[in-house]
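Breakdown of the fold
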Number of protein chains: 2
Amino acid sequence: MKAPALGFRRLARDGAARRGRVTTAHGSFETPAFMPVGTAGTVKGLTPEQVAATGAEIILGNTYHLMLRPGAERVARLGGLHRFMNWPGPILTDSGGFQVMSLAELRKITDEGATFKSHIDGSRHELTPERAVEIQRLLGSDITMVLDECTPFPVEREDAEKSMELSMRWANRCKDAFEARPGYGLFGIVQGSVFEDLREKSAAALAGIGFDGYAVGGLAVGEGQATMLRVLDATVPALPEDRPRYLMGVGKPDDIVAAVRRGIDMFDCVLPTRSGRTGQAFTRRAVLNLRNARHQDDPRPLDPDCACPTCRDYSRAYLHYLFKAGEMLGPILLTLHNLSYYQELMAALRKPIEDGELDDFAAAFKKQQAEGDLPAL
Amino acid sequence: MKAPALGFRRLARDGAARRGRVTTAHGSFETPAFMPVGTAGTVKGLTPEQVAATGAEIILGNTYHLMLRPGAERVARLGGLHRFMNWPGPILTDSGGFQVMSLAELRKITDEGATFKSHIDGSRHELTPERAVEIQRLLGSDITMVLDECTPFPVEREDAEKSMELSMRWANRCKDAFEARPGYGLFGIVQGSVFEDLREKSAAALAGIGFDGYAVGGLAVGEGQATMLRVLDATVPALPEDRPRYLMGVGKPDDIVAAVRRGIDMFDCVLPTRSGRTGQAFTRRAVLNLRNARHQDDPRPLDPDCACPTCRDYSRAYLHYLFKAGEMLGPILLTLHNLSYYQELMAALRKPIEDGELDDFAAAFKKQQAEGDLPAL
């Protein structure tokens, strides 16, 4: 196997948890890392400068959305996704498998690939493993994800096995289609639903093909945290030690802490951005609903210990008011805060791994969350 | 008459045009000045830092909106509007007269004041000259506007005269109710529709009462630019030379150039912000509709000579895409650009007044606008 196109240095470990650094064509990022979701070529509501100011070093884009609009060839003509959206740092693009599967009646899967109708205008499209890789090359993604069939949940074991095997054949074709270049990498995706032996088999199959990183897909789909962690316990040990591991679509802050302890290096989730737009704020102590009338006269920040601009400059009363009035600045300020909170959490996780104190951190984290919100004024 | 509470220095003049500086309790601003509209305690879509970065030194808030939600007393308890919305600079608040008048069926005007039903929840409210001044004191406005009856357009002369006279009685009561403090000022508002003699009479009445500044209200309501300028020609000479003059709700860039030449110092208008949210961009050469498909492959900025972040970092193609996709960043980036354009225009107007070259500037401005958009690629 030739040298990996994507750099990954493991700087420290504590139990199964790892502290590392991934180097791409557009710079490096520290792990464990949280990637804000910029599905459609923008992290909703924020400028890239604001996203970077939260501490984010890598963001996520989506093949499915960008292939339909504005189109991968158009993005390529305009200089690639980094330039198009003005994000100079690393970008990982999801392959679109998850989105295509969720189209339900609008798609058809064969061994060759997926055909589907656009949710925007009903036009017909095809997504094969080869095309998914090509689109991500046109976008200029630093990290390309293989096309996979995202197995529905719940699912019978037999169907999960067939689906996983299809994903492994597609992974193989993606590897063949991917042109290795320094600083650009291709990640495989483990499937197999909640069946440990299928997950192990999938992980082994991907390791046999050889990828620049390994993702765990098909989780956070309703199986619950206990089941998710059980699957991780079976999957992660079967993945190569020397490559980054990415748990797709996860998750809540305590999901992330638990998954880092099991050896996951990378995360993405819509929770901080989507919740921010609907008035939910993550803090060290609690999740607050800013639409609640109890905040209307509260001069305190969301979290007095948070260093983000929202907590520095605005009261809960003002944030409550913005949501009641339907002002754009409400979603903007809460998205800023939530992404800052997630990035602060990742930074807070890195240090104890270096110091061998991750168990203590996890215990303190759990205790603080159990305390609930600040006492009433 | 005692010394004015609001500082105003005339630094230069060119014909009727003036170059000045207004000093308030929250800092000074250069004139001619454009005030971005922050009706409901936020300039829609932008953080205050972004608003300040466009070059804006003073913003506008609205009594009517803020009295209904979140309530003037609540804002006062939370430390005043500057702190509430995190804008440390000068704030001018409109009195709410214009908004109340536009409620049509929902309001009743008597000599005492206006009673109306909230557009939010139908609750009943009263706005008298005294209450309008009190609300603006609770908000902490640097510049308080008198309550006026905004005369509808078109209107019979007799009705315009009655309406203007009512506004003058209210202006008198506002002056009595306003507590003079250093750095805080009260502006009178000239009414009289399109009738020059009524405008002159109104201006003389206000000058007799004595205000810290003088606004021209009831224009930009459909009378057209020629009529508006004719009214200004009759009104401005009747206003005191040593106090700032504010043309309310105006306007398009060429309205502003024409009004500055007639001696107006301050402006506000929703055009740059509202148009920005719907996809219109003001440039030196043309107004562009970013929703138009001709922009979809255009790698050029809105205006290659504009120094704003939107023109520095984004293509027309990306902006077009954001509006087609309904992404929040589209309105944000266009609002940023449009406010920057307006502030650049004001800065560009100040220099030739100092140099006695305003006529040349106005001619060059007109010529550039006539050229239209950049040539097609």
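Residues numbered from 1 in each chain as written. Chains lettered and ligands numbered in written order. Predicted model: local features only at pLDDT ≥ 70, side-chain atom pairs only at ≥ 80, totals over all residues.

1. Quick word on the interface of chain B and chain A
Interfaces are often sized by the accessible area lost when the parts come together. Each side of the interface is counted separately: chain B has 26 residues, and chain A has 26 residues. With six residues, the single largest contributor to the side of chain B that touches chain A is helix α13 (residues 316-325) of chain B. Within the side of chain B that touches chain A, the residues separate by chemical class into 14 nonpolar, four polar and eight charged. (Contact = placed C-beta atoms within 7 Å. Helix = DSSP H or I, 4+ residues; strand = E, 2+ residues; numbered from the N terminus. Nonpolar A, V, L, I, M, F, W, Y, C, P; charged D, E, K, R; others polar.)

2. Notes on unusual backbone geometry
With an omega dihedral of 10°, the bond running from A:R69 to A:P70 counts as a cis peptide bond. Along the chain, A:P70 falls in the loop between α2 (63-68) and α3 (72-77). For A:N86, which is not glycine, the phi torsion reads 65° and is therefore positive. Its place among the elements puts A:N86 in the loop between α4 (81-85) and β6 (91-94). The backbone of B:S193 shows a phi angle near 50°, a positive value even though the residue is not glycine. Tracing the chain through its elements places B:S193 in the loop between β11 (185-190) and α8 (196-209). The class of B:S193 is buried, set by 25 C-beta atoms lying within 10 Å. (Buried ≥ 20, exposed ≤ 12 C-beta atoms within 10 Å, placed from the backbone.)

3. As for the sheet that holds strand β3 (residues 27-31) of chain A
Residue and element names in this part refer to chain A. The strand order across the open sheet built from three strands is β1-β2-β3, with neighbouring strands paired in antiparallel fashion. Of all the strands in the sheet, just β1 (7-14) and β3 have a single pairing partner and so form its edges. With direction set aside, neighbouring strand axes in the sheet form an average angle of 10°. Direction of pairing for β1 relative to strand β2 (residues 17-24): antiparallel, over a ladder of seven bridges. Across the sheet, the residue bridging to F8 is V22, located in β2. (Pairing = 2+ DSSP bridges. Axes fitted to C-alpha atoms, helices over the stretch in contact; angles between N-to-C directions.)

4. Here we look at the confidence of the model for chain A
For chain A, the mean per-residue pLDDT works out to 96, and 99% of the residues sit at or above 70. We note a pTM of 0.97 for the whole complex and an ipTM of 0.97 for its interfaces. (pLDDT = per-residue confidence, 0-100.)

5. Considerations on the relation of the copies chain B and chain A
For these two chains of identical sequence, chain B goes onto chain A by a turn of 180° and a shift of 0.0 Å along the axis, with RMSD 0.0 Å. Overall, the copies show the geometry of a two-fold rotation axis. The residues that chain B uses at the interface reappear at the interface of chain A in 100% of cases, marking a shared surface. (Least-squares fit on C-alpha atoms with pLDDT ≥ 70 in both.)

6. Some thoughts on the pairing of strand β3 (residues 27-31) of chain B
Residues and elements named next belong to chain B. Across five bridges, strand β2 (residues 17-24) lies against β3 in antiparallel orientation. Its bridge partner being in β3, T23 is matched across the sheet by S28. Remark: two residues form the turn of the hairpin made by β2 and β3, two consecutive strands paired antiparallel.

7. Focus: the domain arrangement of chain A
Residue and element names in this part refer to chain A. Domain boundaries assigned for chain A yield domain 1 (7-269) and domain 2 (276-361). Each of domain 1 and domain 2 was reduced to a C-alpha centroid, and the two centroids are 27 Å apart. Contact with domain 1, which involves 25 residues of that partner, is made by 20 residues of domain 2. For the side of domain 1 that touches domain 2, the secondary structure elements donating two or more residues are β1, β2, β4 (33-35), α1 (48-53) and α10 (253-261). Ranked by residues supplied to the side of domain 1 that touches domain 2, first place goes to α10 with five residues. (Domains from an automatic or database assignment.)

8. Description of the sheet that holds β2(B)
Residues and elements named next belong to chain B. As summarised here, the arrangement of the three strands in space is β1-β2-β3, forming an open sheet in which the pairing is antiparallel. Every interior strand has two partners, whereas the edge strands, β1 (7-14) and β3, have only one. Between one strand and the next, the sheet's axes are offset by a mean angle of 10°, whatever the strand orientation.

9. Focus: the packing of helix α11 (residues 271-278) of chain B against helix α14 (residues 329-355) of chain B
Residue and element names in this part refer to chain B. The N-to-C vectors of α11 and α14 enclose an angle of 150°; their axes lie 8 Å apart at closest approach. The angle between α11 and α14 falls in the class roughly antiparallel. Both α11 and α14 take part in a crossing whose hand is right-handed. Residues P272, T273, S275, G276 and R277 of α11 form the contact with α14, whose participating residues are P331, L334, T335, N338, L339, Y341 and Y342. (Parallel < 35°, antiparallel > 145°, perpendicular 65-115°, else oblique. Left-handed = near helix turned anticlockwise from the far one by under 90°.)

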